[in-house]
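Notes for the structure review
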Amino acid sequence: MSHKSQNTAIFTAMIITVNNTGQNQEKEKVFGLKSIRNLADASSVTLLMESPRSVSFLQHQIVTFVFLSMKLLEYGAGWNLDILLQRFAKIFIGCLAAVTSGMIYALYLSAYHERKFWFSNRQELEREVTFQGDSAIYYSYYKDMLKAPSFERGVYELTHNNRTVSLKTINAVQQMSLYPELIASVLYQATGSNEIIEPVYFYIGIVFGLQGVYVTALFVTSWLMSGTWLAGMLTVAWFIINRVDTTRIEYSIPLRENWALPYFACQVAALTGYLKSNLNTYGEVHEVYKIYVFSLFLGYLLQFENSALLVSPLLSLVVALMLAKCLQLNVKKGTFVAKIMKVINFYLVCTLTVTLNIIMKMFVPHKENGHMLKFLEVKFGLNMTKNFTMNWLLCQESLQAPSQDFFLRLTQSSLLPFYILVLIICFLSMIQVIFRRINGKSLKETVTLEDGRIGERPEIIYHVIHTILLGSLAMVIEGLKYLWTPYVCMLAAFGVCSPELWMTLFKWLRLRTVHPVLLALVLSMAVPTIIGLSLWKEFFPRLMTELMELQEFYDPDTVELMTWIKRQAPVAAVFAGSPQLMGTIKLCTGWMVTSLPLYNDDDLLKRNENIYQIYSKRSAEDIYKILTSYKANYLIVEDAICNEVGTMRGCRVKDLLDIANGHVVCEEGDKLTYSKHGRFCHEVKINYSPYVNYFTRVYWNRSYFVYKINTVISFQS
């Protein structure tokens, strides 16, 4: 047979086979690969019948390969296309929901802020008064950066700042972590926003936008863990409903946590995705360690060589784990030797961690956190102190243990009960996995839904450990609840939407009446749907009411005081008063002050204690000496502090000063020290000698009394 005849035979065979098999196409789809193999045999037979001896074996294989490729593409195209479309739709809808949730939350914060403060209808000074305490300090440096002739000059003035606190030059960028303000000022000028929007709106807009990113990151984390974006929606709902306990953005916009937590949430989301998809061998764990070490050293450099990061116990632990793995021997799993090696490895990690930390502290210059240790001793009742600063910090609400109202609010929104359920199941499953490993049983490479072993997933182990640690801290210090409660929202939403979690529970219960897989799938959809509907019915009207309700924050006394300072006080004047008020003065007027509401500097803490003596039972001469030692020209006495009626016993400023000065009995065995002087803040208002010799009242209103500190003392009878 000629070459042309051979080609004709091949082509004819292909057509006949395709035509014959095309009639049974629906049948073949049912039988799958088995049908394809049968068709391959049919094609071979047909081909041999056409040219039993002329077609070579190679041509036969080529035809068979081409035919099989065509059929596989025909089968796979439809199946893969459906799968790809489903995945794309799922990812698209989930991403759209995540981004939309973040945008809606950011817009909600903006609308609520406008309703609460009437921000757009106020003058610049009235807007700035809404920034209180340390928030005022942060925003004031943002203003300073915008006023600077260049970015480099602005950074230099902040790192060598001698225009804020009298007789003190501070590195404001280092001491107050002002990188957000630096970045915001650069963006404001580089984007040309100074021609479109006012600086304050740009600043708070960035913070609100970051809160939207925060919510989106929580959404994505819950979605990654559960496999459904329904968990993300439930996370966002719980976060917004419990926002009193998840964020302080409504009360203090420039707080460092409002800048930091969105990035922290993004890191958690990225690590969750990494652990879920890549953590199969120790090599991936090693990569996580490397990323942590790199991030720590980067932070060390950006924080002006902060030695506290190098002497961190966590750094020593990571390095110890890396070293221990390098020294670990390969032994057969499940043997007695393997178990002994695990014990030795654990002991080695603990020993190396302690040793490395001691070595780092010996060779790296650092400042011991003695005040922090003393604070914890006093908080847990291991020690007592009369120190004003220590007792004042202990009286701050953010440093107290969480109140019963906190747990009641989380329970009313159904968050706490579901969180406890999810945490218990995940934790017990994780313990089960640990015992399996101790007994030498290897873990499955891929955990299926039917296995009911949610504790074997690396990302679950990470989040369980993380939430337990954060929760332990939040149970001691209420301020840390803003780090833990969003985590609670994310973990609880993941759990109720995860079929694996329900399947793990059913495996323990040995459910037989209903198919456990089917029931797990049903509950993973039904439970979050019921929760969502109940939350919508109960809390959505409240959110709408808050947006519709017009509130008013107006402090005319503070506005009048700031106006008087800007008009009447000399530019070189130095003001003394409570640290919170000094922050507002720095922002609204730019005048120099004697103290700031910062608690990470020993000198500033001592200044605050000394300035607070104006509310103690000290003589006019003592107060005068204290104020002049800081070159103060004006003293501001706040009526709210002088006549304070505290809700917590012994936590008023004047009570704490009396304890520190020994004017009241602090504990049994102490002697009462009598003070022949009245309380200074009361006595100075009466205008009699010797107070008028040292201080001259120059301004007052219902809340504030301003006294000029006399440079020449005139004694009157």
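Residues numbered from 1 in each chain as written. Predicted model: local features only at pLDDT ≥ 70, side-chain atom pairs only at ≥ 80, totals over all residues. Heavy atoms only, no water.

Going by an unreviewed UniProt entry, the protein chain carries the name C-mannosyltransferase DPY19L4 isoform X3 and comes from Camelus bactrianus.

Thoughts on the packing of helix α6 (residues 134–147) against helix α27 (residues 579–588)
At a minimum axis separation of 8 Å, α6 and α27 run at an interaxial angle of 15°. One element, α6, and the other, α27, form an angle in the roughly parallel class. Seen along the crossing, α6 lies across α27 with a hand that is left-handed. Here A136, I137, Y139, S140, K143 and D144 of α6 lie close against α27, whose contacting residues are G583, T584, K586 and L587. (Axes fitted to C-alpha atoms, helices over the stretch in contact; angles between N-to-C directions. Helix = DSSP H or I, 4+ residues; strand = E, 2+ residues; numbered from the N terminus. Parallel < 35°, antiparallel > 145°, perpendicular 65-115°, else oblique. Left-handed = near helix turned anticlockwise from the far one by under 90°. Contact = heavy atoms within 4.5 Å.)

Quick word on the state of the cysteines
Throughout the structure, instances matching the rule amount to two disulfides. Disulfide pairing places C395 opposite C651 at an S-S distance of 2.0 Å. Sign of the S-S torsion, about -75° for the bond between C395 and C651, identifies this disulfide as left-handed. In this pair, C395 sits in the loop between α19 (388–394) and α20 (404–412) while C651 sits in the loop between α30 (639–642) and α31 (653–661), placing the two residues 256 residues apart along the sequence. In this structure C651 comes out as buried when scored by relative accessible area, which is 17%. (Disulfide = S-S within 2.5 Å. Buried < 20%, exposed > 50% of the residue type's maximum accessible area, 1.4 Å probe, protein only.)

Concerning the sheet that holds strand β5 (residues 704–709)
The strand order across the open sheet built from five strands is β2-β1-β3-β5-β4, with neighbouring strands paired in mixed fashion. At either end of the open sheet lies a strand with only one pairing partner, and these are β2 (592–593) and β4 (695–700). Across the face of the sheet, helix α26 (residues 556–568) comes into contact with β1 (574–576), β3 (634–638), β4 and β5 while running at roughly 25° to β5. Strand contacts of α27: β1, β2, β3 and β5, with the helix running at about 125° to β3, the strand carrying the most contacts. (Pairing = 2+ DSSP bridges.)

Describing the side chain of R607
Structurally, R607 is set in helix α28 (residues 602–611). Residue contacts for R607: discarding those within four places in its chain leaves V165, S166, L167, K168, T594, S595 and Y630.

Let's talk about the side chain of S524
Within the secondary structure, S524 sits in helix α25 (residues 516–548). A relative accessible area of 4% means that S524 is categorised as buried. In terms of polar contacts, S524 uses its side chain to reach the backbone carbonyl oxygen of L521, at 2.7 Å. Ignoring sequence-local partners within four residues, the contact set of S524 consists of L230, V496, C497, S498, P499 and W502. (Polar contact = N/O pair within 3.5 Å; in protein donor to acceptor, adjacent residues only side chain to side chain.)

Description of the pairing of β5
The buried count for β5 comes to five of six residues, which makes it a mostly enclosed element. With five bridges connecting them, β3 and β5 associate as antiparallel partners. Paired with E638 across the strands is Y704, a residue of β5. Relative to β5, β4 runs antiparallel, the two sharing five bridges. Bridge pairing links F695 to I709 in β5.

Quick look at the nonpolar core
Considering soluble globular proteins, one finds that nonpolar side chains tend to be buried as a cluster. If you look at the biggest cluster of nonpolar residues, it comprises 119 residues, and the most contacted ones within it are F575, I585 and I636. Here this core takes 15 residues from helix α10 (residues 199–226), the largest share from any one element. The residues touching F575, leaving out its near neighbours within four places in the chain, are I565, A569, M582, I585, W591, M592, V593, T594, Y634 and I636. L627, Y630, L657 and Y707 belong to the second-largest nonpolar core, a separate cluster that totals 37 residues. (Core = buried A, V, L, I, M, F, W, Y, C linked by side-chain atoms within 4.5 Å.)

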